[in-house]
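Topology and contacts: notes
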Amino acid sequence: MLTGLTIVSVSLVYLSILFAIAYYGDRRADEGRSIIASPYIYALSIAVYCTAWTFYGSVGRAASSGVSFLPIYIGPTLTFILGWFLIRKIIRISKVNRITSIADFIASRYGKSYYLGGLVTIIAVVGIMPYISLQLKAISTSFTVLLHYPSIVMPANLGSTPVFQDTALYVALIMAAFAILFGTRHIDASERHEGMVAAIAFESVVKLFAFLAVGLFVTFGVFGGFGDVFSRAAADPAFHKLFTLSAAGGYSGWISLTLASMTAIIMLPRQFQVLVVENVDERHVKKAIWLFPLYLLLINVFVLPIAFGGLLQFPRHSVDVDTFVLTVPMAKHYQAIALFAFIGGLSAATGMIIVETIALATMVSNDLVMPFLLRLGRLHLSERKDLTGLLRAIRRGAIIFVILLGYAYVRLIGESYALVSIGLMSFVAAAQFFPSIVGGIFWKGGTRLGALAGLSAGFAVWIYTLLLPSFARSGWLSERFLHDGPWGLKLFMPYALFGLEGLDPVAHALFWTMAFNVGLFVVVSLVTTQSMIERSQAVLFVDIFKRTSEGARIWRGRATIGDLRRLMNRFIGEGPTYQAFRRFERDKGRRLDDAHAADADIVHYSERQLAGAIGAASARIMIASVLREEMHDIDEVMQILDEASQLVVYSRQLEEKSQQLEAATAELTAANERLKELDKMKDDFVSTVSHEFRTPLTSIRSFSEIVHDNPDLGIEQRNEFLNIIVQESERLTRLINDILDLAKMEAGKTDWQMREIAPKQVIDNALAAMAGLLAKNPHIRFETHIAEDLPNVFVDADRLTQVLVNLISNAVKFCNRENGLISITARPEGASLRVDVSDNGIGIAKKDRRKVFERFQQAGDTLIDKPQGTGLGLPICLHIVERFGGQIWFESELWKGSTFSFRIPSAHYAERPRLEARIETV
């Protein structure tokens, strides 16, 4: 006799087994002995696609409309057989970029946009909410039906059951506990949840065996085999329509369901989680492309026999067709099979809930909450050194929120729909991701604005054509909305939008959502331009199989390895950070010193580690906050330059940018406080900057056209030309950055970190920074004369270092070419620090000094010039020394070299009114 205690006890034992499997899987993973590194486990985990919809709803749909349940499984089969290359490409991209979710994937492709990641997350949560409610509804209904054994009683409306007597509530809470325990153990969301995957694979076996057991019982126990079941059904006129496509919604219904399910097998957040994020080995896809379709075939073999058996067993409309898997064994008093069927349905529903909530919680945390908090500055400015606890709390709260949201939906609305109808709403919602993902990995022209427009429009149409009608059918909106449209406008009826009639609601919604989504994605992408990072990510995603390495990256910044380590410690913890840096050292064969400047490799590596914990968009925000600079990928620039259709366009764009910068520079100069003084020098400044721009631009364009027009160039000569293009691009980047620095200083918007420091420390830093340059010029001797009693100064250490580096670079450039000598002298002078940088170069004739002085005061000097420099060193030095309240000047005589000197007040006098910065002549 099945009692409530028996059912609950068996259910708890089964759930305990799941907990034990998950615990064992995680423990083995921690020991480095994975139990899921098998293509068979991988294929079984993908079978989380088969939810309570499959276990109960497919039979219900077959009993109502015949073979119309088949497109739900034909679609995934076609995707695996024909679209395996798409799956493989998505997996490869995700592994390279440490993608954590489908929202992270789309946001990363389109410039790591946190707006886009947030939009995808909202669509996923709202769109999948009905699907989670389907599972809870199935568990509650099946438990209630089984509880009345041996009688067959259909449950009352779920919404009428008191909350604390509702089975679905307690199942939801248990599933939340499971997801929290085994889905948030690791902060790095890109790490595999091996225990969860093992439990899901086990559940896939249980639900398959349970469904096969019921199918065998009905087909061969109740009836005399397949022939007996189908012959009896064919003899009854009431069954005739179930053997036709018209019962399945006609061809439009078949096509729409097939297309929706083809996208759903990848685009549903839980499917992306197990198919992509949890993938252990890319090669497992080769076996999954036939193992998973085989699983779908086996679990659907007995759908029609069970459906026809239930219709033959019970009078019409006396039993809910979605419960035939349970009620047919119950009617024959086979309680063991009925209980096994209940456990199979529980397994199908709980597996989906666990994976879906973990996937959605990761998206909510990484692509909605974290970017929001980071943009507000709450975490960046926080004094908390360890944020791992906060990250776990956010994900756990998101899990509870998602599950309870699904529970609320089923109590308020879910009773208005059959199980399959609820699931199809989520399929259409998930299909909205398809254009942005497929377009993003095969078309480099897709833009962030195009993806935003397409997703927003598709989601809005989905709400209008499916979600709002569900509210109307549940009594939350007027029924007139369905039949007459809003305000009586029949042209906008949600089931016949713009007069399109004759389609079932799902086909109708899929058509209009895809029309708006794809249309706007393509059109907006064609009329908008990509930013540099969008173009960079487009190349990385589209050409993922052409890249043999991550490529070098050009960047400019002053962050140290210690800065990156401290940042990672806050978000992923000290232990994981230590292990991550050890892996980098092992892979690259180098040692990392926290005091050393961070190069492009370690910056990119750190960003990818952070992306696994907080998502690509949030990781980019945090890395940028440390570097405060821009990074560019040489490989990506080279690939763009190497495309014939973009070579000329690229060079023209650079020319347009230079023209825009010239105009902006002129505007800034005109607006300056010293308008009268600088007005006379404006034309010279613009002319000089224009010349500086045109030199690298001309080189880039010329060598690009040579490479393009001569495909038969030898590899060495081709590489030489490409290196020239790279060097000129670097030169152009430095020029832009110097002008921006200068403009910021003029506008007073530079972030100064003023503090009291010892001058010797700054001098040592400057000499260390110039070590490489001095090594390349062995003909130059270097002397230092540093007094022991140097006063401390109140300055920004990095800015003062910049002044010294500029002056030393100038001395290297202009000192004697055969027997060069550079001397640095630092000594106290009254209440100030004085520093002199001398060279034994040709010097400057007395008649030319005034011209040099004038150029010193504007942004176009040619005297100071770093190696491959931009000619803007002296104006920057002047602004820095001026900010410190000091003076800068030079002494020079033809054939006797030059000496540049500056004086800065000591820290004791730093708060006194600053002296007027000036240029003195000697």
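What you are looking at is a predicted structure, and each value in this text was computed from that prediction instead of being measured.

1. Describing the overall build of the protein
Helix and strand content of the protein: 37 helices and nine strands. Put simply, the protein has 922 residues, and 57% of those count as buried. Taking as baseline every contact in the protein between residues at least 6 positions apart, the subset at least 24 positions apart corresponds to 81%. Counting every atom, the protein has about 38,400 Å² of accessible surface; 58% of that belongs to carbon and sulfur.

2. Quick word on helix 6 (residues 102-109)
Burial analysis of helix 6 places eight of its eight residues in the buried class, which makes it a mostly covered element. Residues of helix 6 that are buried include every one of Ile102, Ala103, Asp104, Phe105, Ile106, Ala107, Ser108 and Arg109, and no others. Just beyond helix 6, the residue with positive phi is glycine 111, at close to 80°.

3. Remarks on the pairing of strand 6 (residues 820-829)
Pairing analysis gives seven bridges linking strand 4 (residues 780-786) to strand 6, with the strands arranged parallel. Bridge assignment links arginine 781 to a residue of strand 6, and that residue is leucine 821. With antiparallel pairing between neighbouring strands as the criterion, strand 6 and strand 7 (residues 832-839) make up a hairpin whose turn holds two residues, including glycine 830 at a positive phi of roughly 65°.

4. Some words on the pattern of salt bridges
Within this structure, the stated rule accounts for 13 salt bridges. Of the charged contacts in the structure, one is a salt bridge between arginine 781 and glutamate 783, with a shortest N-O distance of 3.6 Å. Residue class for arginine 781 comes out partly exposed when judged on its relative accessible area of 42%. Notably, a salt bridge pairs arginine 834 with aspartate 836, separated by 3.0 Å at the nearest N-O pair. Since its relative accessible area comes to 8%, aspartate 836 is described here as buried. Each member of the salt-bridge network shares a partner with another, and the members are Arg827, Glu829, Arg834, Asp836 and Arg903.

5. Topic: the packing of helix 3 (residues 52-65) against helix 14 (residues 303-313)
Contact geometry for helix 3 and helix 14: axes closest at 8 Å, N-to-C directions at 60°. You can see that helix 3 and helix 14 cross each other, and the crossing is right-handed. Across the interface between the two elements, Ser58, Val59, Ala62 and Ala63 from helix 3 touch Val303, Leu304, Ile306, Ala307 and Leu311 from helix 14. In terms of residue class, the contact of helix 3 with helix 14 is made up of eight nonpolar, one polar and no charged.

6. Some remarks on a nonpolar patch on the surface
There is a patch of nonpolar side chains on the surface, built from Leu216, Phe220, Phe226, Trp290, Leu294, Leu297, Leu298 and Val301 and spanning about 720 Å² of accessible area. Among the secondary structure elements, those contributing two or more residues to the nonpolar patch are helix 9 (194-222) and helix 13 (284-300). The leading source of residues in the nonpolar patch is helix 13, at four residues. Tracing the backbone shows phenylalanine 226 in helix 10 (residues 226-235). On the basis of relative accessible area, phenylalanine 226 is assigned to the partly exposed category, the value being 31%.

7. A word on the pairing of strand 8 (residues 887-892)
Counting buried positions along strand 8 yields five of six residues, so the element is predominantly enclosed. Summarising the sheet, strand 8 and strand 9 (residues 898-905) pair through six bridges and their orientation is antiparallel. Its bridge partner being in strand 9, isoleucine 888 is matched across the sheet by phenylalanine 902.

8. Let's talk about the confidence of the model for the protein
Do not read the predicted coordinates in detail wherever pLDDT is low. Of all residues in the protein, 74% have pLDDT values of 70 or greater, and the mean over the chain is 77. Throughout residues 548-556 the model reports pLDDT below 50, and contacts reaching past four residues in sequence, or to other chains, amount to 34 contacts. Per-residue pLDDT stays below 50 along residues 629-650; that stretch engages in 57 contacts with residues further than four places along the chain or on separate chains.

9. Things to note about the side chain of arginine 109
With respect to the element layout, arginine 109 can be found in helix 6. The buried charged residue arginine 109 lacks any salt bridge partner; its closest oppositely charged side chain belongs to glutamate 534, at an N-O distance of 5.9 Å. There is a polar contact of 3.1 Å between the side chain of arginine 109 and the backbone oxygen of tryptophan 443. Ignoring sequence-local partners within four residues, the contact set of arginine 109 consists of Gly440, Trp443, Lys444, Gly446, Gln530, Glu534, Gln537, Ala538 and Phe541.

10. Topic: the nonpolar core
Counting residues in each nonpolar core, the largest one holds 164 residues, and the members touching the most others are Phe324 and Phe433. Looking at this core, the element that brings in the most residues is helix 16 (residues 335-376), giving 18 residues. Beyond its immediate sequence surroundings of up to four residues, phenylalanine 324 is in contact with Val59, Ala63, Ile306, Ala307, Gly310, Leu311, Phe314, Val319 and Pro329. One finds Leu790, Leu807, Ile876 and Ile888 within the second-largest nonpolar core, a separate group that totals 38 residues.

11. As for the packing of aromatic side chains
Applying the stated criterion across every chain yields a total of 27 aromatic pairs. Each ring, one from tyrosine 49 and one from phenylalanine 292, has its centre 6.3 Å from the other, and the planes form 85°; the classification is edge-to-face. You can see tyrosine 49 sitting in the loop between helix 2 (39-46) and helix 3 and its partner phenylalanine 292 sitting in helix 13, a full 243 residues away along the chain. Phenylalanine 292 shares its class with tyrosine 49; the two are buried. Measuring from centroid to centroid gives 5.1 Å for phenylalanine 511 and tryptophan 512, while their planes differ by 75°, and the two rings are edge-to-face. The rings of Tyr49, Trp53, Tyr73, Phe80, Tyr131, Phe292 and Phe427 are connected pair by pair, giving a single aromatic cluster. One residue, arginine 109, lies across the ring of tyrosine 110, its end atom 4.5 Å from the ring centre.

12. Things to note about unusual backbone geometry
Going from tyrosine 149 to proline 150, the amide bond is cis rather than trans, its omega being 10°. The residue proline 150 is located in the loop between helix 7 (114-147) and helix 8 (167-183) in this model. Positive phi outside glycine occurs at arginine 98, with the angle close to 55°. With respect to the element layout, arginine 98 can be found in the loop between helix 5 (84-97) and helix 6. For histidine 333, which is not glycine, the phi dihedral falls at a positive 60°. One can find histidine 333 in the loop between helix 15 (324-331) and helix 16.

13. Structural notes on the sheet that holds strand 6
Strand order in this open sheet of five strands is 4-6-7-9-8, and the pairing throughout is mixed. At either end of the open sheet lies a strand with only one pairing partner, and these are strand 4 and strand 8. Across the sheet, the mean angle from the axis of one strand to that of its neighbour is 15°, orientation sign disregarded. Contacts between helix 33 (residues 759-769) and the sheet are confined to strand 4, strand 6 and strand 7, with strand 4 contributing the most and set at about 170° to the helix. Running over the sheet, helix 35 (residues 797-814) touches strand 4, strand 6, strand 7 and strand 9 and is turned about 170° from strand 9.

How each quantity is defined
- Residues numbered from 1 in each chain as written.
- Predicted model: local features only at pLDDT ≥ 70, side-chain atom pairs only at ≥ 80, totals over all residues.
- Heavy atoms only, no water.
- Helix = DSSP H or I, 4+ residues; strand = E, 2+ residues; numbered from the N terminus.
- Buried < 20%, exposed > 50% of the residue type's maximum accessible area, 1.4 Å probe, protein only.
- Contact = heavy atoms within 4.5 Å.
- Areas by Shrake-Rupley, 256 points an atom, 1.4 Å probe, with all protein chains shown as cover.
- Pairing = 2+ DSSP bridges.
- Salt bridge = Lys/Arg side-chain N within 4 Å of Asp/Glu carboxyl O.
- Axes fitted to C-alpha atoms, helices over the stretch in contact; angles between N-to-C directions.
- Left-handed = near helix turned anticlockwise from the far one by under 90°.
- Nonpolar A, V, L, I, M, F, W, Y, C, P; charged D, E, K, R; others polar.
- Patch = residues over 30% accessible without salt bridge, like charges linked within 9 Å, V, L, I, M, F, W, Y side chains within 5 Å.
- pLDDT = per-residue confidence, 0-100.
- Lys, Arg positive; Asp, Glu negative; His and termini not counted.
- Polar contact = N/O pair within 3.5 Å; in protein donor to acceptor, adjacent residues only side chain to side chain.
- Core = buried A, V, L, I, M, F, W, Y, C linked by side-chain atoms within 4.5 Å.
- Phe/Tyr/Trp six-rings, centres within 6.5 Å; stacked < 30°, edge-to-face > 60°.
- Lys NZ or Arg CZ within 6 Å of the ring centre and 35° of its normal.

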